[in-house]
Amino acid sequence: MSSQSENIRRITVPQIAARKGGDPIVSLTSYHAHTAAIVDKYADFILVGDSLGMVMHGMENTTGVPLDLMIMHGKAVMRGTKRALVVVDMPFGTYEESPNVAFRNAARIMKETGCGAVKLEGGERMAETVHFLTQRGIPVMAHTGLTPQSSHVMGGFKTQGRDEDSWPAHEADARAVAEAGAFAIVLEGMVEPLAARITKQVEIPTIGIGASVECDGQILVLEDMLGMNPWTPKFVKVYGTLGPMIEKAVSDYAEEVKSRSFPGEDHVYR
Ligand code: KIV
């Protein structure tokens with residue numbers, strides 16, 4: 001006998017790949033079961049991004065995020081969702097060393113969380129690993145352009161492609177991971193004409209974050225678009241004001257406690 005929830009089928013990797021040039025792909029990050037349940041109704045895929053290190057854990061960048069933390073948040077998002085494809089980021093240091101190391105860690109992520117795919121950063125230099133993983137049953141979403149795990153090498157979080165001379169290298173990166181078997185590619189922080197050129201050159205969907213409307217889909221960090229992140233990047237449109245709402249709720253509560261009017265009559269056991 002099957003329950004109602006068993007009848008809801010998750011969006012699959014081939015379904016996302018087939019959206020190239022079609023209906024725009026909607027995606028958001030999520031790290032938390034209950035917010036993921038809301039996002040699940042609207043997003044085609046949910047990314048458990050390693051941005052959680054900065055957004056949830058107050059780290060300065062993503063290089064300190066451990067694998068176990070990604071797995072813990074990946075499990076929470078899987079518990080909260082039933083429809084969207086869930087993709088979990090491979091954190092810094094868990095895949096760059098060799099395809100074998102990448103396979104071991106990616107397999108752990110997939111087995112322990114039940115997610116449908118992993119994401120890793122890098123272009124040409126990661127193509128061999130993307131091929132190795134996909135040949136062994138691990139769907140890979142690639143991520144090029146501004147790659148936050150390399151922010152120390154890049155000298156910070158800088159928009160890519162301002163200099164036209166850099167375009168061929170970015171285009172080669174995207175083509176390399178697409179040809180290696182990635183099913184989609186995140187283009188982060190890049191100028192619009194470069195994103196447009198890459199989107200035309202690869203046969204897989206491009207997912208933009210700060211990379212213009214020229215991509216096949218878009219992703220935002222949930223906390224950024226909800227107005228909860230004090231250092232929200234300039235390109236992010238803020239759709240909600242949860243930060244100020246939380247602040248108001250906390251200050252109202254503090255006021256009631258201090259004035260001994262907490263809790264209100266309706267909330268007292270007698
Ligand atoms: O970690 C993350 O949230 C990401 C998105 C910015 C695409 O990789």
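This text goes with the structure placed above it.
Residues numbered from 1 in each chain as written. Predicted model: local features only at pLDDT ≥ 70, side-chain atom pairs only at ≥ 80, totals over all residues. Heavy atoms only, no water.

Trainee: Report on the side chain of S150, specifying residues and quantitative values.
Mentor: Within the secondary structure layout, S150 lies in the loop between β5 (140-145) and α8 (151-154). For S150, a relative accessible area of 19% puts it in the buried group. Those residues within four positions of S150 in sequence are excluded, and the remaining contacts are E121 and R125. (Helix = DSSP H or I, 4+ residues; strand = E, 2+ residues; numbered from the N terminus. Buried < 20%, exposed > 50% of the residue type's maximum accessible area, 1.4 Å probe, protein only. Contact = heavy atoms within 4.5 Å.)

Trainee: Give me the site of the ligand: which residues, what numbers.
Mentor: In the vicinity of the ligand, the contacting residues are T29, L47, G49, D50, S51, D89, K119, H143, V186, E188, I209 and V221. In this structure, S51 approaches the ligand through a side-chain N or O atom, which is 2.5 Å from an oxygen atom. Alone, the ligand offers 260 Å² of accessible surface; in the complex the protein occludes 96% of this. A majority-of-atoms criterion places the ligand in the largest pocket. Looking at side-chain class alone, the shell around the ligand contains four nonpolar, four polar and four charged residues. (Near = heavy atom within 4 Å. Polar contact = N/O pair within 3.5 Å; in protein donor to acceptor, adjacent residues only side chain to side chain. Areas by Shrake-Rupley, 256 points an atom, 1.4 Å probe, with all protein chains shown as cover. 1 Å grid on protein atoms, 1.4 Å probe; cavity = no way out; pocket = protein on both sides within 12 Å on 5 of 7 lines; lining within 4 Å. Sits in = over half its atoms within 2 Å of the grid points. Nonpolar A, V, L, I, M, F, W, Y, C, P; charged D, E, K, R; others polar.)

Nothing here speaks to function; it is geometry throughout.
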